[in-house]
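# Inside the fold
Each chain is listed here by its residues.
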Amino acid sequence: MKFSIKLVLSTMIVLALALGFSGFYFVNYVFETSLDRDVGQALDESSILSFAFETAALNVPLKYSVLPDSVVEEIASKLEMGGQSGGRLLRIADEEKNVLYTSDGFTADEGLLPQTDQHTKSYRVIHVQDDDQDNYYIHTCVSINALDRILYLETMKSVTEVFTERALGFSLYRKVTVVMLLTGMVIMLFIASLLTKPIRLLTKATKRMAAGDYTYRARQISQDELGQLTRDFNRMANALEDNICKLEEEIEAREEFMGAFAHELKTPLTAIIGYADMLRSHKMDEEKSIMSANYIYTEGKRLEAMSFRLLDIIVAKQEEADLQETSVGELFEYLREMFAEKKGIDIRFAHEEAMVWVETNLIKTVLVNLIDNACKASEINGVIEVTGQAVENGYRIAVKDYGIGIPEAEQHKIVKAFYMVDKSRARSKNGAGLGLALCSEILKIHHSELQIDSKVGEGSCFSFVLPVENRGTYEE
Ligand code: ADP
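Rules behind the numbers
- Residues numbered from 1 in each chain as written.
- Predicted model: local features only at pLDDT ≥ 70, side-chain atom pairs only at ≥ 80, totals over all residues.
- Heavy atoms only, no water.
- Axes fitted to C-alpha atoms, helices over the stretch in contact; angles between N-to-C directions.
- Helix = DSSP H or I, 4+ residues; strand = E, 2+ residues; numbered from the N terminus.
- Parallel < 35°, antiparallel > 145°, perpendicular 65-115°, else oblique.
- Left-handed = near helix turned anticlockwise from the far one by under 90°.
- Contact = heavy atoms within 4.5 Å.
- Nonpolar A, V, L, I, M, F, W, Y, C, P; charged D, E, K, R; others polar.
- Pairing = 2+ DSSP bridges.
- Near = heavy atom within 4 Å.
- Polar contact = N/O pair within 3.5 Å; in protein donor to acceptor, adjacent residues only side chain to side chain.
- Areas by Shrake-Rupley, 256 points an atom, 1.4 Å probe, with all protein chains shown as cover.
- Domains from an automatic or database assignment.
- Buried area = accessible area lost by both parts, 1.4 Å probe.
- Salt bridge = Lys/Arg side-chain N within 4 Å of Asp/Glu carboxyl O.
- Core = buried A, V, L, I, M, F, W, Y, C linked by side-chain atoms within 4.5 Å.
- Buried < 20%, exposed > 50% of the residue type's maximum accessible area, 1.4 Å probe, protein only.

Before going further, it helps to spend a moment on the packing of helix α4 (residues 197-210) against helix α5 (residues 225-281). Two elements in contact, α4 and α5, have axes separated by 10 Å at closest approach and are oriented at 15 degrees. Taken as axis vectors, α4 and α5 run roughly parallel relative to one another. Judged by the twist between their axes, the crossing of α4 over α5 is left-handed. Facing Pro198, Ile199, Leu202, Ala205, Thr206 and Met209 of α4, the residues of α5 in contact are Leu226, Leu229, Thr230, Phe233, Ala237 and Leu240. Tallied by class, residues from the contact of α4 with α5 come to ten nonpolar, two polar and no charged.

Here we have five strands laid out as an open sheet, ordered β7-β9-β10-β12-β11, and mixed in their pairing. Both outer strands of the open sheet, β7 (345-351) and β11 (451-455), are each paired with one neighbouring strand and no more. The sheet shows a mean angle of 15 degrees between the axes of neighbouring strands, taken without regard to direction. Sheet topology places β11 next to strand β12 (residues 459-466); five bridges connect them, and they run antiparallel. Across the sheet, the residue bridging to Asp453 is Cys461, located in β12.

The environment of the ligand is made up of 21 residues, and the closest members are Asn373, Asp401, Val421, Gly433 and Leu436. Val421 is positioned with one of its backbone polar atoms (N or O) 3.0 Å from an oxygen atom of the ligand. Between the ligand and Gly433, the relevant distance is 3.2 Å, taken from an oxygen atom to a main-chain nitrogen or oxygen of the residue. Coverage of the ligand by the protein amounts to 92% of the 530 Å² it exposes when considered alone. For the shell around the ligand, the secondary structure elements donating two or more residues are α8 (360-377), α11 (435-444) and β12. Among the elements that make up the shell around the ligand, the one with the highest residue count is α8 (four residues). Class assignment for the residues of the shell around the ligand results in twelve nonpolar, six polar and three charged.

Turning next to the domain arrangement of the protein chain. Domain assignment breaks the protein chain into domain 1 (3-174), domain 2 (212-318) and domain 3 (320-475). For domain 2 versus domain 3, the distance between C-alpha centres works out to 23 Å. Listed per partner, the contact involves 16 residues of domain 2 and 17 residues of domain 3. Summing both sides of the interface, domain 2 and domain 3 together bury roughly 1400 Å²; the carbon and sulfur share of this comes to 63%. The partner of Glu256 in a salt bridge is Lys416, with the nearest N and O atoms 3.4 Å apart. Across the domain 2-domain 3 interface, the total number found is one residue pair in polar contact (both at pLDDT 80 or more). Secondary-structure elements contributing two or more residues to the side of domain 2 that touches domain 3 are α5 and α6 (286-318). Looking at the side of domain 2 that touches domain 3, the element that brings in the most residues is α6, giving nine residues.

In this section: the nonpolar core. In summary, soluble globular proteins display a tendency toward joint burial of nonpolar side chains. Judged by nonpolar contacts, the single largest core of 50 residues is most densely connected at Ile347, Ile371 and Phe464. Per element, the largest residue contribution to this core is nine residues, and it comes from α8. Both domains that meet at this core, namely domain 2 (212-318) and domain 3 (320-475), each give it at least three residues. Apart from the residues lying within four places of it in its own chain, the contact partners of Phe464 are Ile363, Val366, Leu367, Leu370, Tyr395, Arg396, Ile397, Leu443, Ser448, Glu449 and Leu450. Formed by 19 residues, the second largest nonpolar core is a distinct cluster that contains Val60, Leu90, Leu100 and Ile144.

Strand-to-strand pairing in sheets goes through backbone hydrogen bonds, with the strands running parallel or antiparallel. Reading across the sheet, the five strands line up as β2-β1-β5-β4-β3 and stay open at both edges, with antiparallel pairing between neighbours. The strands lining the two open edges of the sheet, one partner per strand, are β2 (99-102) and β3 (122-130). On average, each strand axis in the sheet is tilted by 25 degrees relative to the strand beside it, whichever way the strands run. Along the sheet, helix α2 (residues 69-81) contacts β1 (89-93), β2 and β5 (149-158); its crossing angle with β2, the most-contacted strand, is approximately 30 degrees.

On to the pattern of salt bridges, then. Taken as a whole and judged by the stated rule, the model has 14 salt bridges. The partner of Asp69 in a salt bridge is Arg149, with the nearest N and O atoms 2.7 Å apart. Of this pair, Asp69 sits in helix α2 while Arg149 sits in strand β5, placing them 80 residues apart in sequence. Given a relative accessible area of 35%, Asp69 falls into the partly exposed group.

Here you go:
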């Protein structure tokens, strides 16, 4: 069942109970007040009748010492005639509760007589069914003291009208309740539809997102708890969309990697298989055999180097950095020694002394890779500057060359595995497009990243900033 329908139904139940109880209480209150008033009147009337009877008995001739039954009947019939519209209904009984006189239509039983004595008045409300009609009466009983005789006077006063009014009141109230419930239901349906609109909008958004539309957001139309829920839902949807984007990018990168990896394997493998086939199926002279074996060896070496690099990348990706405080001077000393033998390139080192938090071996790998790349990109006798200086947020190391440079459109791609700007040039220099990918993974675990500033024909500057204080473990 829909939430709005539940809301309407529960409101209707509360409304029906409230209207029912209040209506019943109100109509019943009016009824009881009217009945109490009529009971009072009936008791007053019977007292007056009893007094009138006693007065009439005083006028009886003195020859009777006790009031005779015939006189009782005579007075009773006179009193009966005195009533309004059609006379009174009364019954008179003697001391032994034997009935002496009964009006026509006095249908009440003698149930009140035993309850009444000389000093009490009694009454009850009775229901009499005449010709399929429900009639209600107040039946009273009082004593009369006339000429040393104790008599009992019973009267019946009709209160059918009060009961009819109560029935009418109930029937009217039922109709009013039904009309009010129907009107209330229409109004409540409208209100419930307004109140549940944010829920409907949220449901729509959930369905759209479940169907794959991650950009869809629920419209916020209120500032209450449901508005807050919509805001939180949209925030959750944003986070979900970001994560899905990241996942998609990762999958794309993985596919790209697999494609590039397969491609990079294909070239050396084709060469190796080709030359090996030539060696086994043709009788070649010694010079050609040595040349073929040489090709197989160099391509095999290239494959080996590639697999080592890939392993390094995988290790760097999974590694948790164990950063140690290291002197920059020590790093530069290592590089100076490493490239001391390099012929035909002028590598200049300059640094400000400082302590950095790094994993020394990994940072050395980064710097060697960058200087290697700079050498490959430079002309004979080219200059390479390796500098280190303290900056605002750490310590910046830069490797600058004045070589071929990198086109702007390629700059963001070269950190991807197997990406080479000029494939044949890179391969001829034993490159596989993995060096910068490895550098970028290593820098990630140092909370840093590679910055590339390059212009075709003018040279490139690769730089990164190292932490000067321990910032803990890197978590991706
Ligand atoms: P490789 O093993 O080919 O050097 P890298 O990942 O280190 O792989 O570099 C990727 C590509 O980026 C290189 O093939 C080269 O085309 C380009 N590159 C890297 N460093 C430089 C540089 N200093 N100057 C010009 N091009 C560069």
